[in-house]
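As a plain string of letters, each chain reads:
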Amino acid sequence: MKHTLVALVENQPGVLQRVANLFSRRGFNIDSLTVGTTDTDKISRMTIVVDGANTQVEQVIKQLYKLIDVLRISDVTNDRTVDRDLALIKVQATNSTSRAEIVQLADIFRGKIVDVAADSLVVEVTGDEEKISSLLHMLRPFGIKEMVRTGVVSMTRGAGLAARLGEERLEAAG
Amino acid sequence: MQKLNGAQILSECLLREGVDTIFGMPGGAVIPLYNVLHDYPFKHVLCRHEQGASHMADGYARATGKVGVCIGTSGPGATNMVTGIATAMMDSVPMVVITGQVPTYMIGKDAFQETDTTGITMPITKHNYLVMDVKDVARVVREAFHIARTGRPGPVLIDIPKDVTTNVTDFEYPEKLSLPGFKPNTKGHINPIRRAAKLLDDARRPLIMAGHGIILSEAYDELRQFAEKTQVPVISTLLGISGFPETHPLYYGWPGMHGMYYCNMAISHCDTILAVGMRMDDRVTGRLNAFAPHAQIIHVDIDPAELGKNVPTAVKIVGDAKQVLKLLTEEVQENPAGEGNRLAEWWQTLNQWRIEHPSLALPDKPEKMSSPWILRQMYHVTEGNAVLVTDVGQAQMWAAQHYFFARPNTHITSGGLGPMGYALPAAIGVQYGRPGEQVWCITGDGGFQMTLEELAVVREENLPIKIAIFNNNYLGMVRQWQQLFFNERYMAVKMWNPDYVKLGEAYGIPTVRASTLEEVVPALEWAHKQEGPAMLEFVVDPFENVFPMVPPGASLQETIESVQEVAPQLAKVAAAAGGSSGGV
Ligand SMILES: Cc1ncc(C[n+]2csc(CCOP(=O)(O)OP(=O)(O)O)c2C)c(N)n1
Ligand SMILES: [Mg+2]
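Rules and cut-offs
- Residues numbered from 1 in each chain as written.
- Chains lettered and ligands numbered in written order.
- Predicted model: local features only at pLDDT ≥ 70, side-chain atom pairs only at ≥ 80, totals over all residues.
- Heavy atoms only, no water.
- Helix = DSSP H or I, 4+ residues; strand = E, 2+ residues; numbered from the N terminus.
- Buried < 20%, exposed > 50% of the residue type's maximum accessible area, 1.4 Å probe, protein only.
- Contact = heavy atoms within 4.5 Å.
- Areas by Shrake-Rupley, 256 points an atom, 1.4 Å probe, with all protein chains shown as cover.
- Lys, Arg positive; Asp, Glu negative; His and termini not counted.
- Charge placed at Lys NZ, Arg CZ, Asp CG, Glu CD.
- Domains from an automatic or database assignment.
- Buried area = accessible area lost by both parts, 1.4 Å probe.
- Salt bridge = Lys/Arg side-chain N within 4 Å of Asp/Glu carboxyl O.
- Pairing = 2+ DSSP bridges.
- Axes fitted to C-alpha atoms, helices over the stretch in contact; angles between N-to-C directions.
- Expected span 1.5 Å × (residues − 1).
- Donors = N, O, S within 2.8 Å, 3.2 Å for Na, K, Ca; no water.
- Arc of directions from axis to C-beta.
- Parallel < 35°, antiparallel > 145°, perpendicular 65-115°, else oblique.
- Left-handed = near helix turned anticlockwise from the far one by under 90°.
- Nonpolar A, V, L, I, M, F, W, Y, C, P; charged D, E, K, R; others polar.
- Polar contact = N/O pair within 3.5 Å; in protein donor to acceptor, adjacent residues only side chain to side chain.
- pLDDT = per-residue confidence, 0-100.

1. Re the overall build of chain A
Here comes step 1: When you go through chain A residue by residue, the secondary structure sums to five helices and nine strands.
Here comes step 2: In chain A, which comprises 174 residues, the proportion classed as buried is 43%.
Here comes step 3: Counted over contacts in chain A with a minimum sequence separation of 6, partners at least 24 positions apart contribute 74%.
Here comes step 4: Accessible surface, chain A as shown: approximately 9200 Å² in total, 50% of it carbon and sulfur.
Here comes step 5: Taking the average location of the 22 positive side-chain charges in chain A and that of its 23 negative ones, the two points are 1 Å from each other.

2. With respect to the domain arrangement of chain B
How big an interface is tends to be expressed through the accessible area that disappears when the partners come together.
Residues and elements named next belong to chain B.
Here comes step 1: Along its sequence, chain B is carved into domain 1 (2–171), domain 2 (190–356) and domain 3 (371–539).
Here comes step 2: Computed over C-alpha atoms only, the centres of domain 2 and domain 3 are separated by 31 Å.
Here comes step 3: Counting residues at the interface gives 15 residues for domain 2, matched by 20 residues for domain 3.
Here comes step 4: Summed over both sides, the interface between domain 2 and domain 3 buries roughly 1400 Å², with carbon and sulfur atoms accounting for 65% of that surface.
Here comes step 5: It is Leu238, Ser242 and His258 in domain 2 that bury the most area against domain 3; as a group they hold 36% of the surface buried on that side.
Here comes step 6: Where domain 2 packs against domain 3, one counts zero salt bridges.

3. Overview of the environment of Pro255 of chain B
Residue and element names in this part refer to chain B.
Here comes step 1: When you line up the elements, Pro255 lands in the loop between strand E10 (234–236) and helix H12 (261–269).
Here comes step 2: Among the residues examined, Pro255 registers a relative accessible area of 3% and is labelled buried.
Here comes step 3: When the C-alpha positions of Pro255 and Thr237 are compared, they lie 6.7 Å apart, and in sequence the two are 18 residues distant.
Here comes step 4: For Pro255, the contacting residues outside a window of four places in its chain are Met209, Ile235, Ser236, Met260, Cys263, Asn264, Ile267 and Val284.

4. Notes on the sheet that holds strand E12 (residues 296–301) of chain B
Residue and element names in this part refer to chain B.
Here comes step 1: Strand order in the open sheet formed by five strands is E10-E9-E11-E12-E13, and the pairing between neighbours is parallel. Strands with a single pairing partner mark the edges of an open sheet, and in this sheet they are E10 and strand E13 (315–318). Taken over all neighbouring pairs, the strand axes of this sheet differ in orientation by 15° on average, direction set aside.
Here comes step 2: Pairing of strand E11 (residues 272–276) with E12 involves five bridges; the strand directions are parallel. For Thr272, the partnering residue across the bridge sits in E12 and is Gln296.

5. Here's the deal with helix H7 (residues 137–149) of chain B
All names here are of chain B.
Here comes step 1: Between its first and last C-alpha atoms H7 spans 19 Å; for 13 residues at 1.5 Å apiece the expected length is 18 Å, and the two agree.
Here comes step 2: Of all 13 residues making up H7, 10 are buried, and the element is well covered by its neighbours.
Here comes step 3: Those residues of H7 lying buried are Val137, Ala138, Val140, Val141, Arg142, Glu143, Ala144, Phe145, Ile147 and Ala148.
Here comes step 4: Once H7 ends, the next one or two residues include Gly151, with phi positive near 70°.

6. Some points on the coordination of the magnesium ion (ligand 2)
All names here are of chain B.
Here comes step 1: At the metal site, the magnesium ion (ligand 2) is ligated by Asp445 (OD), Asn472 (OD1) and Tyr474 (O), and these contacts range over 2.0 to 2.1 Å.
Here comes step 2: Spacing between the donor residues of the magnesium ion (ligand 2) along the chain follows D-x26-N-x1-Y.
Here comes step 3: Using a relative accessible area of 10% as the deciding quantity, one classes Tyr474 as buried.

7. Structural notes on the pairing of strand E7 (residues 120–127) of chain A
Residue and element names in this part refer to chain A.
Here comes step 1: A large share of E7 lies buried, amounting to six of its eight residues.
Here comes step 2: Sheet topology note: the strand E6 (residues 112–116)/E7 ladder contains four bridges and is antiparallel. Residue pairing in the sheet places Lys112 in a bridge with Glu124 of E7.
Here comes step 3: Where E6 folds back onto E7 in an antiparallel hairpin, the turn is made up of three residues.

8. Things to note about helix H14 (residues 321–331) of chain B
All names here are of chain B.
Here comes step 1: Residues Ala321, Val324, Leu325, Leu328 and Thr329 constitute the buried set of H14. Down the axis of H14, the sector holding all buried residues measures 135°, keeping them to one side.
Here comes step 2: Where H14 is buried, its residues meet helix H9 (190–202), helix H10 (212–216), helix H11 (220–230), E11, E12 and E13.

9. Points about the packing of helix H3 (residues 50–64) of chain B against helix H18 (residues 423–433) of chain B
All names here are of chain B.
Here comes step 1: Axis separation between H3 and H18 bottoms out at 6 Å; the angle between their running directions is 40°. Comparing their axes, H18 and H3 come out oblique. Of the two possible hands of crossing, H3 and H18 adopt the one that is right-handed. Each of Gly52, His55, Met56, Gly59, Tyr60, Ala63 and Thr64 in H3 lies in contact with H18, whose residues at this interface are Pro425, Ala426, Ile428, Gly429, Val430, Tyr432 and Gly433.
Here comes step 2: Class assignment of the residues belonging to the contact of H3 with H18 gives a composition of eight nonpolar, six polar and no charged.

10. A few points about the interface of chain A and chain B
Here comes step 1: With 19 residues of chain A at the contact, the number on the chain B side is 19 residues.
Here comes step 2: Contact between chain A and chain B buries roughly 1500 Å² in total, counting both sides, with carbon and sulfur atoms accounting for 51%.
Here comes step 3: With a closest N to O distance of 2.5 Å, Asp303 of chain B and Lys66 of chain A form a salt bridge.
Here comes step 4: At the boundary of chain A with chain B, the tally comes to five residue pairs in polar contact (both at pLDDT 80 or more).
Here comes step 5: Counting residues per element, the ones that place at least two in the side of chain A that touches chain B are helix H1 (15–25), helix H2 (54–65), strand E4 (70–75) and helix H5 (160–173) of chain A.
Here comes step 6: Per-element accounting of the side of chain A that touches chain B gives the leading share, five residues, to H2 of chain A.
Here comes step 7: Class assignment for the residues of the side of chain A that touches chain B results in six nonpolar, five polar and eight charged.

11. Some thoughts on the confidence of the model for chain B
Here comes step 1: Taken over all residues, the pLDDT of chain B has a mean of 96, while the share at 70 or more is 99%.
Here comes step 2: With a pTM of 0.95, the predicted complex shows an ipTM of 0.91.

In structure tokens form, the structure reads like this:
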């Protein structure tokens, strides 16, 4: 089963390497991993999607906690969350019919056309994994020339995680 | 405020951490550091190979419970210490390893003797640092020592570029630590402790498995009090040996691949296990899916990641062995010894196993040279008072089996990594940590060849270490595997050896060879009486095997006790198939 983990880490050099190392060392596969800044520059936030049995994921979390730079990890798989992935998709568009159809599809998925060339369009779309996968599925027949996805970032709705994360954040910042 | 350079700040911080002894070797990147050591009261021990320095720091740490410190230069100095760091990591030994690095402005340029030391050691350290600014030196050293010794101990590496050691800044010792991501829980929650007590009160066939954690947290009295209050038998892991007196009536030996037959039976038949400060290593558990099939397991460890990692547990208790055992002893019901002992029937079974399968029985006088017998005589000659530091292989196992360790922390060995060549340098570290004690280095001929350059240190420093080489002219443990599991197809196990008496002479270490049974005890007595260093070479039978043995892939229940049992047992194991195996 896929699990989404959210980790707050100290913004130290090498922290990404430590986390990535741990996964390969313990034989766990990462589906996606994103890192970004938070409101404090001392702390970064990672969203890690892993595939594995519950006991395995529990072991990953415990091992991650042992990294000194890791402040907090939460398995938000069963929480109510907002999940966002962003994709840039370069689609073949050699004639006006396909061009129109692609624009229409992008529209339905609340995507944007961010680049137009003689024989292609670049569609930008954000959403959860499923939404992006369905758009991809629809665009495939036109011919996908290039594609990149950022990987999922995740945030719990309401107070949830924020309360749990608060204490460490303050301490690391202060 | 005092202006100091990075090397001085490092030294000031080492002083404040109570460091008295440093093991290492200088080189380009650490010359500025060595330059200031003139002005500090540390004893510096010059290793002859940095692997030696790393094992010395390890031995020192295991012997004292303090943080061991070693220094190596950048590049080869650092890579030579990798084995010692990994050893300390696997066995939870507190160490601070200081490595030089090329100057900050040369990092990434493939400079002379540049290696990515923090990259190499990331998976084998508890934490590591590359210090890029002299202003960070004091904080980093303070944190490194705290991390190394707090919670589950382990090695921390500080990689320090040359210019950082020469740059100058105001020195202020950071009194306060800020490590929000590092807060080990030592106390142990009362709820799981109460549940554990209940399980133990109800148990009919309970067993305590005591690991290295007992020694690391110095929980000797707490373990004894718990065992005596409940009359529960105590078995230890290889690294747990000497955490509980082996001469105590409640001690029941140690289990696993070369453990006592009866211990393996006890695990296979018990109904409750209290595992303290151990990590369910495959050498202890045998085939996992057949480990302790009837037992509810209560697991106590300071590292939450160990609980449930390898075996399912009924009760998980995160905490320091000493504190948890204390609370647990308060919570359990008393079970008085003698008449009315609730566990009388269990003890009867245990005693019966021990009578029927006396794994450690030896003749008073064997017919020919025998390594187990030599070790038993060593026990008698030293009156059980020595500290044994053992290498890896057959001799290691025989030492663990046939010497009886009654005093706390007197058996020191590398259990997790098992690097040949560990014993001599580790013994040097142990001797520095416990100068008043008689330290014996027990090694095979193969392992001894790997780090014998440190004999120079023994001589130079006149350390009274007694070195016993068990020379079978073979990589004995591997030969045993080839004999038992590879149809006697011996490959790369027979070894030419130098003349160890002459070698000893060359190093200025008095050496005696014992090739016959009659020579053994006099040789041991001679060494025991030497005030300075002494070396013994025992020329032993190349075809001795270590038994009992759990064949690779077998369960503890399938322990064999002789060569004749190997073939039929292997056939059974193959039929059952699967599970863990692992190598030598
Ligand atoms: C550095 C290293 N290389 C290889 C091994 C594999 N190994 C384990 S025991 C052993 C044989 C050790 O021979 P020796 O030191 O003579 O001890 P004996 O088993 O003969 O008592 C070997 C090669 C190891 N443990 N460590
Ligand atoms: Mg040998």
